[in-house]
Amino acid sequence: MSDRELSKAGFETRAIHAGYEPDPTTGAVIPPIYATSTYAQDGVGGLRNGYEYSRSANPTRTALEETVAALEGGSHGFAFASGLAAEDTLVRATCTPGDHVVLPDDAYGGTFRLFDKVEQAWGIAHSSAPGSDPEAVRAAIRPGETKLVWVETPTNPLLNIGDLAALAAVAHEAGALLVVDNTFATSYLQQPLALGADVVVHSTTKYAGGHSDVVGGALVVDDADLAERIGFHQNSIGAVAGPFDAWLVLRGLKTLGLRMERHCDNAEAVVAFLQDHPAVSQVIYPGLPEHPGHEVAGRQMSRFGGMVSFRVAGGEQQALDVCAGTQVFTLGESLGGVESLIEHPGRMTHASVAGTDLEVPADLVRLSVGIETAEDLLADLDRALGGA
Ligand code: PLP
């Protein structure tokens, strides 16, 4: 498909056709894994299609980078070895010592650790504010110093919602960029660039890859200058996605839309079940009318996602027992794969924020609801909660 036709096409068409035309030599409909570090030149400096060395560019990675850009509605995409590699490269491309970043007060623990233990040591300060409260974010901005306003929505693991259009206005008033970690919602459910964001971050390890078989990250922007700075730093730092990893994420993206619909269907069934369960004291899901971010989520997301958190009436020990007691839900970190996962954020993904403002409740359980048969998921949770 031509670029023009593709830009007008629907999400799933872009997911399947962006970034690659059938190979002119063989007709291969799927991009090969270009396992090559270097490229033959037609005379000194005579590069074929710009390929020189695979840290700078690799055709499998190019296909992924063009696809993530097409799915987010951006002009440029960049693929990295992990979500955190993407984040670190972004910070280096946009901040210098003396600058400041506003983080969500319930940021993913690894993002907080990156800023608190790594970026801070290199002179980039940070402070936290609830991303769900644009006025609190405004108050946390340090005029002249704040270069990035960082937001996750929904957040991990409390599923708080940030109003992206309002946050973009707050960031831009201060001359800062709005960075949106779109890992939980995915480009299928939420389009941050269209709402005013400047940079979209993904841990492609999660829903984008979708099969728990790859670690990767991505950045997408819609601005040529910013793209140039990120591209320069991507090549200079070198934390790029390898060709096989790029290929796995690309394959995952082709079914993102289908998978997300099923993740959302199953999450809704799990939420309805947990709400009626006597052992559950609170269900946290942006699709619930009582969720404080429900109205904003309804405006900026097409559905409410596959992540569900809940608190149990029996405290930390019961939360640990539930996590240890499921059979269909696998006890493990990460999220966004076809299989359902269960975890205890306080002791697992968010252990690194214990004792800080970002500490999560001890009775909290997080589910990444997979695409298995819904009845099996409900029966599994019922058994683990002591219902059968
Ligand atoms: N952002 C979010 C919301 C995450 O959940 C994660 C990982 O769990 C990351 C970023 C970091 O990504 P990665 O683990 O691919 O480095």
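Now for a look at the structure at hand. Owing to the predicted nature of the structure, the values given are computational and were not obtained by experimental measurement.

Close contacts around the ligand come from S82, G83, L84, E87, Y108, N156, D181, T183, S203, T205, K206 and G216, and that covers them all. Here an oxygen atom of the ligand sits 3.3 Å away from a polar atom, N or O, in the side chain of N156. In the model, an oxygen atom of the ligand is placed 2.8 Å from a nitrogen or oxygen of the S203 side chain. When the ligand is considered free in solution it has 390 Å² of accessible area, and contact with the protein chains removes 90% of it. When its residues are assigned to classes, the shell around the ligand shows 2 nonpolar, 7 polar and 3 charged.

In terms of burial, strand β7 (residues 217–221) is largely enclosed, as 5 of its 5 residues are buried. Where burial is concerned, the two faces of β7 agree: the one with G217, L219 and V221 and the one with A218 and V220 are both buried. Of the pairings in the sheet, the one linking strand β1 (residues 76–80) to β7 comprises 5 bridges and is antiparallel in character. The residue of β7 that forms the bridge with A79 is A218. Sheet topology places strand β6 (residues 199–203) next to β7; 5 bridges connect them, and they run antiparallel. Residue pairing across strands places S203 opposite G217, the latter belonging to β7.

Quick look at the environment of I161 now. If you trace the backbone, I161 turns up in the loop between β4 (146–152) and α7 (164–173). Residue class for I161 comes out buried when judged on its relative accessible area of 6%. Sequence separation of I161 and A269 is 108 residues, and the distance between their C-alpha atoms is 21 Å.

The topology assignment puts E87 in helix α4 (residues 83–94). Buried charge without a partner: E87 forms no salt bridge, and the closest opposite charge is K206, 8.4 Å away. The residues contacting E87, other than those within four sequence positions of it, are T111, L114, W150, D181 and V201.

Procedures and definitions
Throughout this document, residue positions are counted from 1 along each chain, in the order its sequence is written. Under the rules for a predicted model, residues below a pLDDT of 70 receive no local features and side-chain atom pairs below 80 are neither given nor counted, while totals for whole chains, interfaces and linings still include all residues. Hydrogen atoms and water are omitted, and side-chain values are computed over all heavy atoms in the structure. Being near a molecule or strand, for a residue, comes down to having at least one heavy atom within 4 Å of it. Nitrogen and oxygen atoms within 3.5 Å of one another constitute a polar contact, given that in protein one can donate a hydrogen and the other can accept it, and given that sequence-neighbouring residues count only through two side-chain atoms. Reported accessibility uses the Shrake-Rupley method at a 1.4 Å probe radius. Residues are deemed covered only where the shown protein chains occlude them. Classification convention: Asp, Glu, Lys, Arg as charged; Ala, Val, Leu, Ile, Met, Phe, Trp, Tyr, Cys, Pro as nonpolar; all other residues, Gly among them, as polar. Throughout this description, buried means an accessible area under 20% of the type-specific maximum (1.4 Å probe, protein chains only), exposed means over 50%, and partly exposed covers the range between. Under the DSSP-based scheme used, a helix requires at least four consecutive residues in state H or I and a strand at least two consecutive residues in state E, with every element numbered from the N terminus. When DSSP finds at least two bridges between two strands, those strands are taken to pair. Only four residue types enter the tally: Lys and Arg on the positive side, Asp and Glu on the negative side, with His and both chain ends excluded. Whenever Lys or Arg places a side-chain nitrogen within 4 Å of a carboxyl oxygen from Asp or Glu, that contact is recorded as a salt bridge. Any two residues having at least one pair of non-hydrogen atoms within 4.5 Å are treated as being in contact.

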